[in-house]
Amino acid sequence: VIEVRTELTEREGRLVDLARLRGLAPVEAWTVQGTSRSLAYSTHGVFRYFGKFPPPIAERLIANFSAPGDLVLDPMAGSGTTAVEALSLGRGVVVRDVSPLSLLLCRVKTTHVAWERAEGAIARVRERERAVRPTEHALPVGLRNAEHWFLPETMQSLGRLRTAIEPETDRSLRELLMIAFASTVRRVSRATTEQGRLFLDHGSAQADALPTFEQRFTKYARAVAKLPSSSGELVLSVEELDAKSTPSEPRRFRLAIVHPPYFNNYKYSSINALELAWLGFPPKAVRPHEIREAFKVGKPERAAAYVSDLTRALLAVEAELEDDAVLALMMGDTFIREEYVDVTRRVLTELGAGSRLTLDRVVLRVPKYTEASWVASQRRRSDRVGVTLNDFILIFRARTRA
Ligand SMILES: C[S@@+](CC[C@H](N)C(=O)[O-])C[C@H]1O[C@@H](n2cnc3c(N)ncnc32)[C@H](O)[C@@H]1O
């Protein structure tokens, strides 16, 4: 499902030149075929995580650069696209992220839950929800001006649901309920659902969260019921770790897939603030650990901090790679107003000669109209933020240790 070309069009060639990536390694163009619906196979359609990459990209990287039984790392796992693909291809996988929402999602999307057990859980939640008294319901944690984002009735409805989920003791059921709940939060809020960024939309709020919650839960329960009930020897290991730091127990990976936030697109603790707060994680606790970017402020001069954080993260990953392992870095450059910000090239420069990583290939990701990220980038171009994205996949090999 990926069209690969080694001949670039003139326009594609110009993008590579603009990014100053010509002549460093062979260049390819990849286009992911398929609609967003067809790409939501397996559990990929569980929860709308903004800025995820298309699953066939993870699939191709894993199939080409690792073998069954190998261990794959995704240190900025987001919604767990790598985890789902790695397990389905018979690899073990370690996922890390600074966002607790991400880690929850990674577990849910890779954990089988039998349909009958899910049905039982939703019935219990329904019953408990009705019994929650008005003053006893949960509230979002660490969310400033919650009343700006939620109608008073919605706050109560979400609060009752959250309280009704809490007593569920089985971890896999509870986490599945939590993800369906998290996916409901944005939909019933007064924020638009089309973009990652939070903008007020007066018409979108829903007073009663239960119908959306039940609909999402049913959809997600159907998807996880189809996962294999046991992955045998394969492991999913979920670790709460800032990619910039070194883990206490380093491992050896055959492949790392690294997909950081874009320089000027999303700050995940902000765009997922509503969900984080309702799950009980103050967004402010996540923020200090995130890669520093230029979200909202649109200041090109912040690129130095971004490049420095990302380079630190890459060097930390490099330390855990086996000899000759592959690191695939997916990142994009941006325009801020008229200025092209070539963060990709700057990361390469900062990695420098001291690193074991040598650039093997430069892939230009050519988006299709159906890709949500492309649609979003077009929308952003027409507003004041003035961001467009050029996506690259840099494929590195880790040289043998000296
Ligand atoms: C572009 S998303 C990854 C999306 C993922 N590839 C997918 O398909 O869902 C980037 C992720 O990096 C995480 N992140 C940001 N700073 C981080 C850091 N310092 N360490 C680990 N994760 C970080 C964010 O929370 C976010 O989930």
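So, here is what we can say about the structure in this document. (Residues numbered from 1 in each chain as written. Predicted model: local features only at pLDDT ≥ 70, side-chain atom pairs only at ≥ 80, totals over all residues. Heavy atoms only, no water.)

A closer look at helix α14 (residues 343-351)
Our working rule: Burial status follows relative accessibility: with a 1.4 Å probe on protein chains alone, a residue under 20% of its type maximum counts as buried, one over 50% as exposed, and anything between as partly exposed. In DSSP terms, a helix is any run of H or I states spanning at least four residues, a strand is any run of E spanning at least two, and both are numbered starting from the N terminus. Relevant arc is that of directions from the helix axis to the C-beta atoms, nothing else.
Taken residue by residue, α14 has V343, T344, V347, L348 and L351 as its buried positions. Along the axis of α14, the buried residues cluster in a sector spanning 145 degrees; they form a single face. Positive backbone phi, approximately 65 degrees, marks G352, located one or two places after α14.

Considerations on the site of the ligand
Selection rule: Here, proximity means that at least one heavy atom of the residue falls within 4 Å of the molecule or strand. In the analysis that follows, any N or O atom pair within 3.5 Å is treated as a polar contact, provided that within protein one partner can donate a hydrogen and the other can accept it, and provided that, for residues neighboring in sequence, both atoms belong to side chains. Calculation of accessible area relied on Shrake-Rupley with a 1.4 Å probe; when residues are assessed, cover is drawn exclusively from the protein chains displayed.
Among the 25 residues in the neighbourhood of the ligand, the closest are listed as Y49, S79, T81, D97 and H259. One nitrogen or oxygen atom from the side chain of Y49 is found 2.6 Å from an oxygen atom belonging to the ligand. In the model, an oxygen atom of the ligand is placed 2.6 Å from a nitrogen or oxygen of the T81 side chain. When the free accessible area of the ligand is taken as 600 Å², the share hidden by the protein chains comes to 100%.

Let's talk about the side chain of S172
Spelled out, the test is: Contact between two residues is taken to exist if any of their heavy atoms lie within 4.5 Å; hydrogens are not considered.
Mapped onto the secondary structure, S172 falls in helix α8 (residues 171-188). A polar contact of 2.8 Å, which involves the side chain of S172, links it to the side chain of D170. Not counting the four nearest positions on each side in its chain, S172 is found in contact with T111, V113 and R117.

A word on the packing of helix α5 (residues 115-131) against helix α7 (residues 152-165)
Two quantities define a packed helix pair, namely the angle between the axes and the distance from one axis to the other. Threshold: All axes here are fitted lines through C-alpha atoms, helices being fitted over the stretch that makes contact, and every angle between N-to-C directions spans 0 to 180 degrees. Angle categories: roughly parallel below 35 degrees, roughly antiparallel above 145, roughly perpendicular from 65 to 115, and oblique for all the rest. Note on convention: the crossing is left-handed when the near helix lies turned anticlockwise from the far helix by less than a right angle, right-handed when the turn is clockwise. The residue classification treats Ala, Val, Leu, Ile, Met, Phe, Trp, Tyr, Cys and Pro as nonpolar and Asp, Glu, Lys and Arg as charged. All others, Gly included, are polar.
For the pair α5 and α7, the least separation of the axes is 8 Å and the interaxial angle reads 125 degrees. In terms of orientation, α5 lies oblique with respect to α7. Our pair here, α5 against α7, has a crossing hand that is right-handed. In contact with V125, R128 and E129 of α5, α7 contributes R160, L161, A164 and I165. When the residues that make up the contact of α5 with α7 are grouped by side-chain class, the tally is 4 nonpolar, no polar and 3 charged.

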